[in-house]
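If you want the building blocks of each chain, they are given just below.
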Amino acid sequence: MRNCLSVTVVALCAVLTTADAARAELSVFACEPEWKSLVEEIGGDLVAVYSATTGMQDPHHVEARPSLIAKARTADMIVCTGGELEIGWLPVVQRRSGNPRIKGNSESVFYAAEFVERLEIPESVDRSHGDVHASGNPHVHLDPRRVGRIAAALAERLQAVDPSNAEAFAGNWRDFDARWRAAIADWETRAAFVQGARVITHHRAWSYLFDWLDWESVGELEPLPGVPPTTRHLADLVDATTREKPSLILLATYQDSRGANWLSDRTGIPVVSLPSTIGGAEDAQDLFTLFELIVDRLVTALPANAQ
Amino acid sequence: MNRAFALPAALVCTAAAGFAGLAHADTGSPIGIGAVLDGRYQDGTRAFSELEDGFGLGHTELSFFGNIDERFRGVLTTVIESAHDETELELEEAFVEAIGLGTGLNVRAGRMLSGFGYLNGRHLHEDDFSDRPAVYRAYLGGHYYDNGIAANLVMPTEKFFSISLEAFDGEKLAASGTSVADIDTVNAWGGQVEFGADAGQSGSWQVGLSLLENDNGMTTEHSLEHHDEHGEEHEDEHVSEHEHAHDHGPEVTGGRLTGIDFTWKWAPDGNAKNRNLTLSAEYLRLDDLLDETLSAVPGAPKHLDGWYLSAAYQFSPRWTVGLRYGEVETYHGHIHHDEHGIEGHYDTDETTETDLSLAWHPSHFSTVRATYTRQEQRIHGNTSDENIFVLQYVMSLGAHGAHTY
């Protein structure tokens, strides 16, 4: 028994050391695909990025699956939204993986939401208000201007975590930043004619998009954030639409469309389903194509209904 | 201490800070305080269970948890159970965990749930049914927790591969009648090996192998001296804690418990919010039940086993239906033990259970569940059955640790 145990321990140690030594590129665990894409823009070939969630998943509701623990175990760095978005599963992944590089306030832990101004910070938080985050709305990646600021912070952080490749990261970031600014200008021009549009959303997930486009959300299908639509609340919304005259009902591709379709049938307001992140639609393959698609679907849906 | 308070704001998220996010505050603020309220009305009596007919409180938990510093985390979970005007306070968990060791290693010391099988390491409030499967109730006393030490190592492999070792005091697992003087200081030890991976974007699975060696689990001729001929224990100051009316020890014990578990989860595109399915199955086998002398008695069982298969399907954001079937073997003896030696015989009994549950969970924090159980028992070759109905609520207040897979 004792011999067997020591053989096992030796074998384990061998596996541990080889696995740690064999990795040349920086292994990054991203919580959401938007951050995977951003790390790849700045890290290029020098990083290997895994995304814990896909664009078809609600990032609030992910299981701390065995595969996530395995990926987190070997990661050199973690890049997540933070702001409590991943609070239902990330703490378990961080703890179970036994990897100090990806927890606490180490340099290799990067929470994107910390680097931008957040909207909807509640004055008080109570469970009876639904799924409200004490540090504000965490869905920050839907404002490309904020993504730009996060990119700058991420570039700095990557340089600190892997100084040997600092120059390459800085160069990649400068290139990305230039392309990103040009793209934002283009999207803003295309969306300018629908400024001030009023919209009903499924979840309060689009606040940053509206902040950018200067749109206004006039209601949500969810009676409280995170609480599924109820018939009574939907009926109340029918009345609200006659007052507020929204021109769109907006939901993410992963969300249940029954509530939105019900309201649309009764009010004639069109439903637009948008990818909330990369992978949420087939054509949304990186940050550029994601916003391309969002802007495209919105301006296509709006002309007839624009105010 | 200042360090803990200086953590970035986005990390600070537990109840003390006014937490109300998705639910599961687990990092950041110095301490998470949470309670789980479990109340029920039960009609019928379940085998190997202390919960009885009528109104009762199930498993009311009060827990405190948080990071102690960058190297340690602490968890304290007290369980309050109340029945028949008696309120009992149990310490289910009181451990510190070294979390800064690196290389995939976590070490726990103190009182903790054993990691045996799929269910044992989980809190009862995470279950999809009102009670643990019969095999868990009979072999582990529902859920086995004890004082000891445990280490878990996650290997740096592409697929999930984890190895755990644990050692416990083990007194509560001792065979009935074992005298306290006979009990070793470390009497239960074992471990688990777990593998897991994704199966496409929608599915994921985990397989585990578990072992629990119980040095005082075997019933011996000596321990029998504390029994009468029907296997009932005498009131005797030497007998172990099993005497106690509210003891949570198992129904039957043996020198070795082994288990294999399989879990498969599915959600469309991996998005569990609206619909998801969990299938799990476990097989447990209890060996080394009786010493050499007792094994010679007619009908003496060599080993016992039990298993269950359960499915829980969340078919809408607010509703989950569960179906579970399980079987477990137990035994009892009619043994006369006197100066002439041992006479009598053993019988192996069988209990089967089919559970059907329907849960309504309007938010992440509240569940109201109805569970119907059809229980059939074959004892002495006679069959009996029982219909058990439980209506319960399980609600969580304050901070709530994120659930494991």
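Conventions used here
Residues numbered from 1 in each chain as written. Chains lettered and ligands numbered in written order. Predicted model: local features only at pLDDT ≥ 70, side-chain atom pairs only at ≥ 80, totals over all residues. Helix = DSSP H or I, 4+ residues; strand = E, 2+ residues; numbered from the N terminus. Buried ≥ 20, exposed ≤ 12 C-beta atoms within 10 Å, placed from the backbone. Contact = placed C-beta atoms within 7 Å. Pairing = 2+ DSSP bridges. Axes fitted to C-alpha atoms, helices over the stretch in contact; angles between N-to-C directions. Core = buried A, V, L, I, M, F, W, Y, C linked by C-beta atoms within 7 Å. Domains from an automatic or database assignment. Right-handed = clockwise from strand over helix to strand, strands pointing away. Parallel < 35°, antiparallel > 145°, perpendicular 65-115°, else oblique. Arc of directions from axis to C-beta. Nonpolar A, V, L, I, M, F, W, Y, C, P; charged D, E, K, R; others polar. pLDDT = per-residue confidence, 0-100.

J.: Quick question: what am I supposed to make of the overall build of chain B here?
T.: Across its full length, chain B carries four helices and 16 strands. For chain B, the proportion of its 405 residues judged to be buried stands at 45%. Considering only contacts in chain B between residues 6 or more positions apart, those separated by 24 or more positions represent 59%.

J.: Sorry if this is basic, but what is going on with the overall build of chain A here?
T.: The number of helices and strands found in chain A is ten helices and eight strands. Expressed along its principal axes, the backbone C-alpha trace of chain A runs to roughly 75 × 45 × 35 Å. The 307 residues of chain A split such that 50% are buried. Across chain A, every contact between residues at least 6 apart in sequence was considered, and the portion connecting residues at least 24 apart equals 64%.

J.: Would you explain the sheet that holds strand S8 (residues 271-274) of chain A in this entry?
T.: Residue and element names in this part refer to chain A. Reading across from one edge, S6-S5-S7-S8 is the order of the four strands in this open sheet, with parallel pairing throughout. A single partner strand is all that each edge strand has here, and the edge strands are strand S6 (216-220) and S8. Geometrically, the sheet is characterised by an average inter-axis angle of 35 degrees between neighbouring strands, direction not taken into account. Across four bridges, the pairing between strand S5 (residues 198-201) and S6 is parallel.

J.: Quick question: what am I supposed to make of the environment of B:Trp264 here?
T.: Residues and elements named next belong to chain B. Tracing the backbone through its elements, the reader meets Trp264 in strand S10 (residues 256-266). Separated by 59 residues in the primary sequence, Trp264 and Trp205 place their C-alpha atoms 4.3 Å from one another. When near neighbours in sequence (up to four residues on either side) are disregarded, Trp264 contacts Gly203, Trp205 and Leu279.

J.: Would you mind going over the environment of B:Tyr331 with me for this structure?
T.: All names here are of chain B. Along the polypeptide, Tyr331 turns up in strand S13 (residues 319-338). Considered as a pair, Tyr331 and Val252 are 79 residues apart in the sequence and their alpha carbons are 7.5 Å apart. When near neighbours in sequence (up to four residues on either side) are disregarded, Tyr331 contacts Val252, Pro301, Leu304, Tyr346, Asp347, Thr348 and Asp349.

J.: Before we go on, may I ask you to explain the nonpolar core in this structure?
T.: Soluble globular proteins: nonpolar side chains tend toward being buried together. In terms of nonpolar packing, the biggest core is built from 88 residues, with A:Val28, A:Val39, A:Ile42, A:Val79, A:Ala151 and A:Leu154 touching the most fellow members. Structurally, this core is a two-domain feature, drawing no fewer than three residues from each of domain 1 (11-185) and domain 2 (192-301) of chain A. Ignoring sequence-local partners within four residues, the contact set of A:Leu154 consists of A:Leu38, A:Val39, A:Ile42, A:Val79 and A:Phe110. B:Ala138, B:Ala174, B:Met218 and B:Leu286 belong to the second-largest nonpolar core, a separate cluster that totals 35 residues.

J.: Where do I start with the pairing of S8(A) in this structure?
T.: One face of the sheet, then the other: side chains in a regular strand alternate in exactly this way. Residues and elements named next belong to chain A. Pairing between strand S7 (residues 248-252) and S8: four bridges, direction parallel. Looking at the pairing, Leu251 lines up with Ser273 of S8. Assessed by its sense of winding, the connection that carries the chain from S7 through helix H9 (residues 258-267) to S8 is right-handed.

J.: What should I look at first to understand the domain arrangement of chain A in this one?
T.: Interfaces are often sized by the accessible area lost when the parts come together. Residues and elements named next belong to chain A. Assigned domains within chain A: domain 1 (11-185) and domain 2 (192-301). The distance between the C-alpha centroids of domain 1 and domain 2 comes to 26 Å. Listed by partner, the interface residues are 28 residues for domain 1 and 25 residues for domain 2. Contributions of two or more residues to the side of domain 1 that touches domain 2 are made by helix H2 (33-43) and helix H5 (144-161).

J.: Mind showing me how you'd approach the packing of helix H6 (residues 166-191) of chain A against helix H10 (residues 287-301) of chain A here?
T.: Two numbers describe a pair of packed helices, the interaxial angle and the distance between the axes. All names here are of chain A. Between H6 and H10, the shortest axis-to-axis distance is 10 Å and the interhelical angle comes to 5 degrees. As judged from the angle between their axes, H6 and H10 are roughly parallel. Of the residues in H10, those touching H6 at Ala183, Trp187, Arg190 and Ala191 are Phe288, Phe291, Val295, Leu298 and Val299.

J.: Got a minute to help me understand H9(A) in this structure?
T.: Each turn of an α-helix holds 3.6 residues, which means side chains three or four residues apart point in the same direction. Residues and elements named next belong to chain A. Taken together, the buried positions of H9 are Gly259, Ala260 and Leu263. Buried residues in H9, looked at end-on, bunch into an arc of 100 degrees, giving them a common side. Buried residues in H9 make contact with helix H8 (231-244), S7 and S8. Phi for Gly268, located one or two positions after H9, is positive at around 75 degrees.

J.: Got a minute to help me understand the environment of A:Arg243 in this structure?
T.: Along the chain, A:Arg243 turns up in helix H8. For A:Arg243 and A:Val218, which are 25 residues apart along the polypeptide, the C-alpha to C-alpha distance reads 10.0 Å.

J.: Help me understand unusual backbone geometry, please; the structure alone is not making it clear to me.
T.: One can expect most non-glycine residues to show negative phi and most peptide bonds to be in trans. Residues and elements named next belong to chain B. For Phe48, which is not glycine, the phi torsion reads 55 degrees and is therefore positive. Residue placement: Phe48 occurs in the loop between strand S1 (32-43) and strand S2 (54-67). With 20 C-beta atoms packed within 10 Å, Phe48 lands in the buried category. Residues other than glycine seldom take positive phi values, yet Asp288 does so here, at roughly 55 degrees. Note that Asp288 resides in the loop between strand S11 (276-287) and helix H4 (292-295).

J.: Explanation requested: the packing of H5(A) against H6(A) in the structure shown.
T.: Residue and element names in this part refer to chain A. Running from amino to carboxyl end, H5 crosses H6 at an angle of 175 degrees, the nearest separation of the two axes being 9 Å. Our classification of the angle between H5 and H6 gives roughly antiparallel. Counting all contacts with H5, which are made through Pro144, Arg145, Gly148, Ala151, Ala152, Ala155, Leu158 and Gln159, the residues of H6 involved are Ala166, Phe169, Ala170, Trp173, Phe176, Asp177, Trp180 and Ile184. Here the contact of H5 with H6 is built from residues that sort into twelve nonpolar, two polar and two charged.

J.: Explain H2(A) here, please?
T.: All names here are of chain A. Of all eleven residues making up H2, ten are buried, and the element is well covered by its neighbours. On its buried face, H2 sits against strand S1 (26-30), strand S2 (47-51), strand S3 (77-80), H5, H6 and H10. Positive backbone phi, at 55 degrees, marks Gly44, one or two positions downstream of H2.

J.: When you look at the pairing of strand S14 (residues 341-363) of chain B in this model, what are you seeing that I'm missing?
T.: Residue and element names in this part refer to chain B. Looking at chain direction, S13 and S14 are connected through 20 bridges and run antiparallel. Note that in S14 the partner of Leu323 across the bridge is Leu356. If you look at the hairpin formed by S13 and S14, you'll find two residues sitting between the two strands. Of the strand pairs in this sheet, S14 and strand S15 (residues 366-379) are connected by twelve bridges, and their pairing is antiparallel. Note on S15: the bridge partner recorded for Glu353 is Gln375. Connecting S14 to the next strand, S15, in antiparallel fashion are two residues.

J.: Would you mind going over the confidence of the model for chain B with me for this structure?
T.: Detailed reading of the predicted model is not advised wherever pLDDT is low. Residues and elements named next belong to chain B. In the predicted model, chain B carries a mean pLDDT of 84, and the fraction of residues at 70 or more is 85%. Low pLDDT, under 50, characterises residues 1-28; the stretch is placed with 89 contacts to residues that sit more than four places away or in other chains. Low pLDDT, under 50, characterises residues 228-246; the stretch is placed with 39 contacts to residues that sit more than four places away or in other chains. Predicted complex, confidence summary: ipTM 0.84, pTM 0.85.

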